[in-house]
Amino acid sequence: MTHSTPMIPVAKPVLDEREVEAVRRVVLSGWVTQGPEVAAFENEFAAFVDAPHACAVSNCTTALHLALKAVGVGPGDEVITVSHSFIATANAIQYCGGVPVFIDIEAGGYNIDADLIETAITPQTKAILCVHQLGMPCDLKRIVEIGKRHAIPVIEDAACATGSEILWDGRWEKIGKPHGDIACFSFHPRKVVTTGDGGMLTTANAEYDRKFRLWRQHGMSVPDTVRHGSKEVIFEGYPEIGYNYRMTDLQAAIGREQLKRLPDLISRRRKLARQYSEHLDAMGLEAPSEPEWARSNWQSYCVELPASFDQRTTMQALLNAGVSTRRGVMNTHLEEAYMGKGLHRAATSLVRSEVAQRSTLILPLFAQMTDADLSFVVSALRDIFAPAARSAKELVSS
Ligand SMILES: *Cc1c(COP(=O)(O)O)cnc(C)c1O
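Residues numbered from 1 in each chain as written. Predicted model: local features only at pLDDT ≥ 70, side-chain atom pairs only at ≥ 80, totals over all residues. Heavy atoms only, no water.

Description of unusual backbone geometry
Even without being a glycine, Leu-134 presents a positive backbone phi close to 65°. As for its position among the elements, Leu-134 is in the loop between strand S4 (125–131) and helix H6 (140–150). Accessibility expressed as a relative area gives 7% for Leu-134, which makes it buried. Its identity is not glycine, yet Asp-169 carries a phi of approximately 50°, on the positive side. (Helix = DSSP H or I, 4+ residues; strand = E, 2+ residues; numbered from the N terminus. Buried < 20%, exposed > 50% of the residue type's maximum accessible area, 1.4 Å probe, protein only.)

Structure representation (structure tokens):
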């Protein structure tokens, strides 16, 4: 054999000449920072999710920071969230001086256990920050009801959930249509659509949207785009401290092309996920599943390993077979940045979160994945997990 083993990556952004052309247009326009392309991307994103306002920022972490700040999270305030998420979720709370209050994930999934939220509420609770983990919608309806009952704002970390859908009063709606107070999205290449780096905030609250626009640009009262087009001299003011959290027009132009692709990307991803699930069922493995009120964009396809399989050993065996995987979602409370530092509070046991981190793996799933790629991965899985292979392994290890 002269060719080497193919390596199936775990994810891959879809980018081609269309994005190149979009960037070319912006470069040659001479306006490359936040400007008309950002405004157009915001309008198109708002229309896509059906939100009155969408504000683009540099990434989802900065979006989360501004969202928490907008609902008034400040020093000592508590925000109920999950440890079982990318560390940015909790870090954004730290940026406001707030305290992440961690509760566990649900049984049989990787999202916040809505049943535990009320036990974590204290007079210091300033927000609930729920995560649509791996693109799977969390139980937003229940969470919003709890938030309303206690007058606590709900912020959605929708970093992974661009294009995911939830059934709301009998209609399928995109995540980002405001039911919670603010939703935050990511356009990192590991997500379903990308701008290199990038983020978006959607809300129905015009005052929040006004603040996001002020804060993302140093708190500047008159944006440069307005001054640039004015026939009169304008001096801007700085009524409060802001940040440089802008998205550039180069990124937004790419985002606009990505948004056009999104429906096709999601339908391909959903088809691949269905095929994986059928094969996993046949191997006796538990496939991840959607509640009947949710449609995932399958940003990640995460599988629970049978108890007898070690995570690292299994991932290495798959890597040796040419299949790249990742471990499941991390736990913030187990990282050195948080552990023993007094920066967070655990309001419940986090045992499900911890088990999920060490007993799951994320399989390759990307829109360009061919049926042959999928068969290749499935056959590598079958070599490890099929009942015959499994009993042989268990014999060896006993
Ligand atoms: C990726 C991710 C983020 C951070 O997004 P960036 O755009 O990289 O800042 C936040 N939360 C979750 C759940 C994520 O998966």
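Focus: helix H2 (residues 36–49)
Between its first and last C-alpha, H2 extends 20 Å over 14 residues, near the 20 Å set by a 1.5 Å rise per residue. The complete set of buried residues in H2 reads Glu-37, Val-38, Ala-40, Phe-41, Glu-42, Phe-45, Ala-46 and Val-49. One or two positions beyond H2, positive phi appears at Asp-50, with a value near 65°. (Expected span 1.5 Å × (residues − 1).)

Describing the sheet that holds strand S5 (residues 154–157)
On the basis of which strands lie adjacent, the open sheet formed by eight strands has the order S1-S9-S8-S5-S4-S2-S3-S13 and mixed pairing. Of all the strands in the sheet, just strand S1 (53–57) and strand S13 (345–346) have a single pairing partner and so form its edges. Taken together, the three bridges between strand S2 (residues 78–82) and S4 define a ladder with parallel strand orientation. When the bridges of S4 are listed, Ile-80 appears paired with Ile-128. Of the strands in this sheet, S1, strand S8 (182–186) and strand S9 (199–203) are in contact with helix H7 (residues 206–215), which crosses S1 at around 20°. (Pairing = 2+ DSSP bridges. Contact = heavy atoms within 4.5 Å. Axes fitted to C-alpha atoms, helices over the stretch in contact; angles between N-to-C directions.)

Some thoughts on the site of the ligand
Surrounding the ligand, one finds 14 residues, the nearest of these being Cys-60, Thr-61, Asp-157, Ser-186 and Lys-191. Interatomic distance of 3.4 Å between a side-chain N/O atom of Asn-59 and an oxygen atom of the ligand. Its free accessible area being 380 Å², the ligand has 92% of it covered by the protein chains. Mapped by element, the contributors of at least two residues to the shell around the ligand are helix H3 (60–70) and helix H4 (88–95). (Near = heavy atom within 4 Å. Polar contact = N/O pair within 3.5 Å; in protein donor to acceptor, adjacent residues only side chain to side chain. Areas by Shrake-Rupley, 256 points an atom, 1.4 Å probe, with all protein chains shown as cover.)

Here we look at the packing of H3 against H4
Following both chains from N to C, one finds H3 and H4 inclined at 45°, their axes separated by 9 Å at the closest point. What the angle tells us is that H3 and H4 run oblique. Crossing hand, H3 versus H4: right-handed. On H4, the residues that touch Thr-61, Leu-64, His-65 and Leu-68 of H3 are Ala-88, Thr-89, Ala-92, Ile-93 and Tyr-95. Per-class residue counts for the contact of H3 with H4 are six nonpolar, three polar and no charged. (Parallel < 35°, antiparallel > 145°, perpendicular 65-115°, else oblique. Left-handed = near helix turned anticlockwise from the far one by under 90°. Nonpolar A, V, L, I, M, F, W, Y, C, P; charged D, E, K, R; others polar.)

Keep in mind that these numbers describe shape and distance, not what the molecule does.
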